[in-house]
Amino acid sequence: MGSLLEIIALHPADAEAAQEGGADRLELCASMEADGLCPSVSTVSAIRRVTDLPLRVMLRLDNSFTTNGADLNRLTAMAQSFLAAGADGFVLGFLTPDNQVDVESVSALVSTFAGTPWTFHRAVDAVLDQQAAWRALRSLPGLDCVLTAGSSIGVGHGLDDLCRLAKEDPAVAGVMMAGGGLQPEHVPWLFQSGVRRFHVGSSVRQDGSWTKAYVNSRFVRSWRNLLDAQDARE
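In this text the structure is predicted, and so the values were computed from the model without any measurement.

Rules used in this analysis
Residues numbered from 1 in each chain as written. Predicted model: local features only at pLDDT ≥ 70, side-chain atom pairs only at ≥ 80, totals over all residues. Heavy atoms only, no water. Core = buried A, V, L, I, M, F, W, Y, C linked by side-chain atoms within 4.5 Å. Buried < 20%, exposed > 50% of the residue type's maximum accessible area, 1.4 Å probe, protein only. Contact = heavy atoms within 4.5 Å. Helix = DSSP H or I, 4+ residues; strand = E, 2+ residues; numbered from the N terminus. Pairing = 2+ DSSP bridges. Right-handed = clockwise from strand over helix to strand, strands pointing away. 1 Å grid on protein atoms, 1.4 Å probe; cavity = no way out; pocket = protein on both sides within 12 Å on 5 of 7 lines; lining within 4 Å. Points joined across faces, edges and corners; volume = space filled by probe spheres on them. Nonpolar A, V, L, I, M, F, W, Y, C, P; charged D, E, K, R; others polar. Axes fitted to C-alpha atoms, helices over the stretch in contact; angles between N-to-C directions. Parallel < 35°, antiparallel > 145°, perpendicular 65-115°, else oblique. Left-handed = near helix turned anticlockwise from the far one by under 90°. Phe/Tyr/Trp six-rings, centres within 6.5 Å; stacked < 30°, edge-to-face > 60°.

Core analysis: the biggest nonpolar cluster contains 66 residues, and I7, L26, F90, L92, W118 and F120 have the highest contact counts within it. If sequence neighbours within four positions are ignored, F90 has contacts with R56, V57, L59, A79, F82, L83, F113, T116, P117, W118 and T119. Counting residues in hydrophobic clusters, the runner-up holds six residues, among them I8, L10, M32 and V91.

Take a look at the structure:
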């Protein structure tokens, strides 16, 4: 299989441009000033109407990585609404107060949509013990993707760690999706390490703006061509 290109979409116009440019999948969210929160159900419905790409919807209520029972109840109900609106999967991730993967809370939520694939998001980059975090992630049912920059401040700082993790364990490389300030020059190094999933947000928007520009299909196409060229070398 070739590489996967996932694009963040906030609006139907983003989704249309992403598909035109050659994206494989969309992450749907809102409030990028908070690093991505739940979109509205109406937004998911509107995006579903304009694209047939797989849609993974963010399940996150605020800009922290912790949760509680009340929030989990809200997210459980929202997940069902998103599925009814056309979602194909979800993006989520919780940590304990001491910054370990919150296996109990994550398992409780994902059990409510068993059989639906999901991504653990960049909460993993805030964990101090990465080896313990990846062991915990392997125990979570339905998980098929882990979005990580290797560092809480982006791929530019975490690239070496991403490459090391992927090289050391092909199973990690198989679910790892590099994203968070990802730049074209990072891609060859990640490919050499076995990573085949890539997540792009602001770099496919004019001037990197979340508020003043939609996704640009030409920018998406440049990423698609880059990944296809790497695939062709395999």
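Burial of the side chains of strand 4 (residues 89-92) extends over both faces: G89 and V91 are buried on one face and F90 and L92 on the other. Direction of pairing for strand 3 (residues 55-58) relative to strand 4: parallel, over a ladder of three bridges. Bridge pairing in strand 4 places V57 opposite F90. For the segment spanning strand 3, helix 3 (residues 69-85) and strand 4, crossover handedness is right-handed. In terms of strand pairing, strand 4 meets strand 5 (residues 118-120) through three bridges, oriented parallel. Counted as the bridge partner of L92 is F120 from strand 5. In this fold, strand 4 hands off to helix 4 (residues 103-110), which returns the chain to strand 5; that crossover is right-handed.

Structurally, the position occupied by M58 is in strand 3. Taking the C-alpha atoms as reference points, M58 and A132, separated by 74 residues in sequence, lie 24 Å from one another. If near-sequence neighbours (up to four positions away) are discounted, M58 is found in contact with E27, L28, C29, G36, L37, C38, P39, F82, V91 and H121.

Bringing the layout of surface pockets into the picture now. Roughly 570 Å³ of internal volume is contained in the largest pocket. As for the largest pocket, its lining consists of 26 residues, of which M32, D35, R122, G180 and H199 are closest to the centre. Grouping the amino acids of the lining of the largest pocket by side-chain chemistry returns 10 nonpolar, 11 polar and five charged.

With that settled, consider helix 2 (residues 41-50). For helix 2, every residue scored as buried is listed here: V44, S45, A46 and I47. Buried residues belonging to helix 2 abut strand 1 (4-9), helix 1 (12-21), strand 2 (25-28), strand 3 and helix 3.

Rolling a probe over the atoms, with the probe sized like a water molecule, indicates the empty space that remains. Considering all chains together, one arrives at one cavity of 30 Å³ or more under this definition. A volume near 70 Å³ is recorded for the largest cavity. Considering the residues around the largest cavity, the lining is formed by R60, L61, D62, S64, F65, T66, T67, D71, L75 and F94. Here the residues of the lining of the largest cavity are counted per class, giving four nonpolar, three polar and three charged.

Moving on, we come to the packing of helix 1 against helix 9 (residues 217-232). As a packed pair, helix 1 and helix 9 sit with axes 7 Å apart at the nearest point and diverge in direction by 40°. As summarised for this structure, helix 1 and helix 9 are arranged oblique, according to the angle between their axes. The way helix 1 lies across helix 9 gives a crossing that is right-handed. Contacts between helix 1 and helix 9 involve A17, A18, E20 and G21 from the former and S217, V220, R221 and R224 from the latter. Residues that form the contact of helix 1 with helix 9 fall into these classes: three nonpolar, two polar and three charged.

Angle between the axes and distance between the axes: these two values describe a pair of packed helices. The geometry of helix 2 relative to helix 3 is characterised by a closest axis approach of 9 Å and an angle of 20° between their N-to-C directions. Relative to helix 3, the element helix 2 is oriented roughly parallel. Of the two elements, helix 2 crosses helix 3, and the hand of that crossing is right-handed. Every residue of helix 3 that contacts helix 2 at V41, V44, S45 and R48 is listed here: S81, F82 and A85.

Taken as a whole and assessed by the stated rule, the structure comprises three aromatic pairs. Ring centres 4.6 Å apart and planes at 50° place the aromatic pair F90 and F113 in the tilted group. Linking F90 in strand 4 with F113 in the loop between helix 4 and strand 5, this pair joins segments that are 23 residues apart in sequence. Accessibility assignment for this pair places F90 and F113 in one class, buried. When the centroid spacing of 6.5 Å and the interplanar angle of 50° are considered together, the rings of W118 and F120 count as tilted. Residue classification places W118 among the buried residues on the basis of a relative accessible area of 0%. You can call F120 buried: its relative accessible area is 0%.

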